Amino acid sequence: MTQSADPEVTDLFIIGGGINGCGIARDAAGRGLSVTLAEKDDLASATSSASTKLFHGGLRYLEYFEFRLVREALAERETLLKAMPHISWPMRFVLPYHATMRFEANTPTSRLLGAVMPWMKGRRPAWLIRLGLFLYDNLGARQFLPGTTRVDLTNTPEGEPLADKYAFGYEYSDCWVEDARLVALNARDAAERGARIMTRTEVVSAKRDGDLWAIETLSSKDGSRETHQARVLVNAAGPWVGDIIEGLLPVRSSDRVRLVRGSHIVTRRLYDHDKAYFFQGSDGRIIFAIPYEQDFTLIGTTDQEHADAGQRPVCTPEEQDYLIAFANGYFKRQLTRDDIVWTYSGVRPLHDDGAKTATAATRDYVLKVDAEGGAPVLNVFGGKITTYRRLAESAMKA
């Protein structure tokens, strides 16, 4: 992408002030491009502040053979940790194991294992988990985070809160991040590089005008309207990316967004040490239990279809019960709804790849350019908070 010679024309107009939009704004501004970003609410007001708060490679994605996604995320994990130690720090995760564990997974790995070793159907044997953790340690050129170790869960702090049947497990590294601050810092850096960041500003119209976009915005602060011109429009509206395509843009697209709700519960602190847990469920899913804000434990997340981006995501009673039952399969102390002090939910705007379940839908980002009829628009689907920089770099090359 080349810089515009017309000072009244913005090179890039971005819809959406989440991590994808702000990451693209920062990258573009750093390359000397003129950038305007409009966010209808506040920065990180939706999905980007409702994550599980992790920089991680995505251990479970290895079961789906998404090696490129995991490798890219693992490499970014350490890059981001070095770049922002004030909002991110290393964390050790304990994965308890017991030989009687059974899973109803239908992943590529489980199907392959069942075909080659039929007696292993429904299992994740210890050697398979250790192989996955070996790949997790080595795919991303790990430099300073400690690797996987076997951990004794008998008479140790890590095992104390767990049911007695869990005698051993594995301990590996990932990272915690303050997600909303990450978004704000990217927006701030973009602004310092010349980008215009507009919050409480909704895009109400976007039309092609030859080789340019004519974009009208409405400020909820004072009701003012403003018209902008841009060479390229970026639709990074998160859960609303599909609504923007279908209701605002003069384009025809066969790409669809799949909205998947992820809910979390927060309880009083359930254990005394500073490590997190990675729990495997009999339904093939996983959840985390993570030390949160010193006095609490964060448990999540779920994978539920979410019908409408305009519907505020909430952790339903059914999701609360699911997370409680999941955690109770591991902790000695049995949780009830009375232990929940707070819940939150976010909606993942995944690219609809036709997967049968929300859990199996890819978490990889997909960038689609439409330039038919004049000025191009880039639609952004999916993405993980860990790979936002790579997504932004790819957007610049799209």
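Details of the structure are given in the entry above.
Let us look at the structure shown here. All figures in this text were calculated on a predicted structure; none of them were measured in a lab. The numbering scheme is per chain: residues are counted from 1 as the chain's sequence reads. In keeping with the predicted nature of the model, local features appear solely for residues at pLDDT of at least 70, side-chain atom pairs appear and are counted solely at 80 or more, and the whole-chain, interface and lining totals rest on all residues. Side-chain metrics in this entry use all non-hydrogen atoms of the structure; hydrogen atoms and water are not considered.

## Quick notes on the overall build of the protein chain
Segments assigned H or I by DSSP are reported as helices when at least four residues long, segments assigned E as strands when at least two residues long, and all are numbered from the N terminus. From N to C terminus, the protein chain includes eight helices and 18 strands. At 22 Å, the protein chain has a C-alpha radius of gyration in line with the 21 Å of a compact globule built from 398 residues. Across its three principal axes, the protein chain shows a C-alpha extent of roughly 70 × 45 × 40 Å. Exposure is judged per residue with a 1.4 Å probe applied to protein chains only, and the accessible area is read against the type maximum: over 50% gives exposed, under 20% gives buried, and values in between give partly exposed. Residue burial in the protein chain is summarised as follows: out of 398 residues, 56% are buried. Whether two residues touch is decided by their heavy atoms; if any such pair falls within 4.5 Å, the residues are in contact. Sequence-distant contacts in the protein chain: of pairs separated by 6 or more residues, those separated by 24 or more amount to 71%. Throughout, the Shrake-Rupley method with a 1.4 Å probe supplies accessible areas, and for residues the shown protein chains are the sole cover considered. Surface accessibility of the protein chain: about 17,600 Å² in total, with carbon and sulfur atoms responsible for 49%. Values of the radius of gyration come from C-alpha atoms, whereas the globule rule sets the reference at 2.2 Å times the count of residues to the power 0.38.

## A closer look at the side chain of Ser-219
Along the chain, Ser-219 falls in strand 9 (residues 212-219). Classification of Ser-219 as buried rests on a relative accessible area of 11%. Polar contacts, as counted here, are pairs of nitrogen or oxygen atoms within 3.5 Å of one another; within protein the pair requires one atom able to donate a hydrogen and one able to accept it, and residues that are adjacent in sequence qualify only if both atoms are side-chain atoms. Polar side-chain contacts of Ser-219 include one of 3.1 Å to the backbone nitrogen of Lys-221.

## Points about empty space enclosed by the protein
Here the term cavity refers to a set of points on a 1 Å grid, laid over the protein atoms alone, in which a 1.4 Å probe fits but cannot get out; the term pocket refers to an open set having protein on both sides within 12 Å along at least five of seven lines, with lining residues being those that place an atom within 4 Å of a point. Grid points are joined across faces, edges and corners, and a volume is the space filled by probe spheres set on the points. Here the structure, examined in full by the defined rule, presents one cavity of 30 Å³ or more. Quantified by volume, the largest cavity comes out at close to 50 Å³. Residue lining of the largest cavity: Arg-60, Glu-63, Tyr-64, Thr-107, Arg-124, Gly-284, Arg-285, Ile-286 and Thr-359, and that is the complete set. Three classes are used: nonpolar for Ala, Val, Leu, Ile, Met, Phe, Trp, Tyr, Cys and Pro, charged for Asp, Glu, Lys and Arg, and polar for all others, with Gly counted as polar. Residues that form the lining of the largest cavity fall into these classes: two nonpolar, three polar and four charged.

## Quick look at the nonpolar core
Nonpolar core, defined: a set of buried Ala, Val, Leu, Ile, Met, Phe, Trp, Tyr and Cys residues in which side-chain atoms within 4.5 Å join the residues together. In this structure, Phe-279, Ile-299 and Phe-331 are the most contacted members of the largest nonpolar core, which totals 53 residues. Take this core: its biggest share by element is six residues, from strand 13 (residues 286-292). Excluding its chain neighbours within four sequence positions, the residues that come into contact with Phe-331 are Pro-161, Leu-162, Ala-163, Leu-270, Tyr-271, Tyr-277, Phe-279 and Ala-289. Ranked by size, the runner-up nonpolar core spans 37 residues in total, among them Leu-33, Leu-81, Tyr-388 and Ala-392.

## Notes on the environment of Leu-43
Locating Leu-43 in the fold gives a position in the loop between strand 2 (35-38) and strand 3 (54-55). Taking the relative accessible area as the measure of exposure, Leu-43 reaches 22% and is therefore partly exposed. What Leu-43 contacts, discounting residues up to four positions off in sequence, is Gly-17, Cys-22, Val-183, Ala-184, Ala-187, Ile-197 and Thr-199.

## Description of the environment of His-264
Within the fold, His-264 resides in strand 11 (residues 257-268). Taking the C-alpha atoms as reference points, His-264 and Gly-373, 109 residues apart in sequence, are found 43 Å from one another. Separated by 2.9 Å, the side chains of His-264 and Thr-52 make a polar contact.

## Some words on the pattern of salt bridges
The term salt bridge refers to a pairing of a side-chain nitrogen on Lys or Arg with a carboxyl oxygen on Asp or Glu at a separation within 4 Å. Taken as a whole, this structure holds 31 salt bridges when the rule is applied. A salt bridge links Glu-178 to Arg-181; the shortest N-O distance between them is 2.9 Å. For Glu-178, a relative accessible area of 27% corresponds to the partly exposed category. When its relative accessible area of 41% is taken as the criterion, Arg-181 is described as partly exposed. A salt bridge links Arg-285 to Asp-303, with the nearest nitrogen and oxygen atoms 3.0 Å apart. Residue Arg-285 is found in the loop between strand 12 (276-280) and strand 13, and its partner Asp-303 is found in the loop between strand 14 (296-300) and strand 15 (304-305); the two are separated by 18 residues along the sequence.

## Section: unusual backbone geometry
The omega torsion across Gly-300 and Thr-301 is 20°, close enough to zero to call that bond cis. Unusually for a residue other than glycine, Lys-53 sits at a positive phi of about 65°. Counting through the fold element by element, Lys-53 comes out in the loop between strand 2 and strand 3. For Lys-53, a relative accessible area of 8% puts it in the buried group. We note that Ala-141 has phi near 55°; this positive angle belongs to a residue other than glycine.

## Description of the packing of aromatic side chains
Between 30 and 60 degrees the pair is tilted, below 30 it is stacked and above 60 it is edge-to-face, where a pair is any two Phe, Tyr or Trp rings, Trp via its six-membered ring, whose centres lie within 6.5 Å. Scanning all chains against the criterion turns up 19 aromatic pairs. Between Tyr-277 and Phe-331, the ring centres sit 5.9 Å apart and the planes meet at 90°, which makes this aromatic pair edge-to-face. Remark: Phe-331 occurs in the loop between helix 7 (317-328) and strand 16 (340-351) and Tyr-277 occurs in strand 12; sequence separation between them is 54 residues. Here Tyr-277 matches Phe-331 in class, with each residue buried. Every member of this aromatic cluster is reached through a ring pair, and the members are Tyr-166, Tyr-271, Tyr-277, Phe-279, Tyr-330 and Phe-331. A cation over a ring is seen here: Lys-40 above Trp-240, with NZ or CZ 4.1 Å from the ring centre. Geometrically, a lysine NZ or arginine CZ counts as sitting over a ring once it is within 6 Å of the ring centre and also within 35 degrees of the ring normal. Its guanidinium or amino end placed over the ring of Phe-168, Arg-150 lies 3.9 Å from that ring's centre, counting from NZ or CZ.

## Topic: the layout of surface pockets
If you add up the space inside the second largest pocket, you get close to 440 Å³. Together, 22 residues line the second largest pocket, and Leu-62, Glu-63, Thr-109, Leu-128 and Gly-132 are the ones closest to its centre. Of all the secondary-structure elements, those providing two or more residues to the lining of the second largest pocket are helix 3 (108-116), helix 4 (126-138) and strand 12. Looking at the lining of the second largest pocket element by element, the count peaks at six residues for helix 4.

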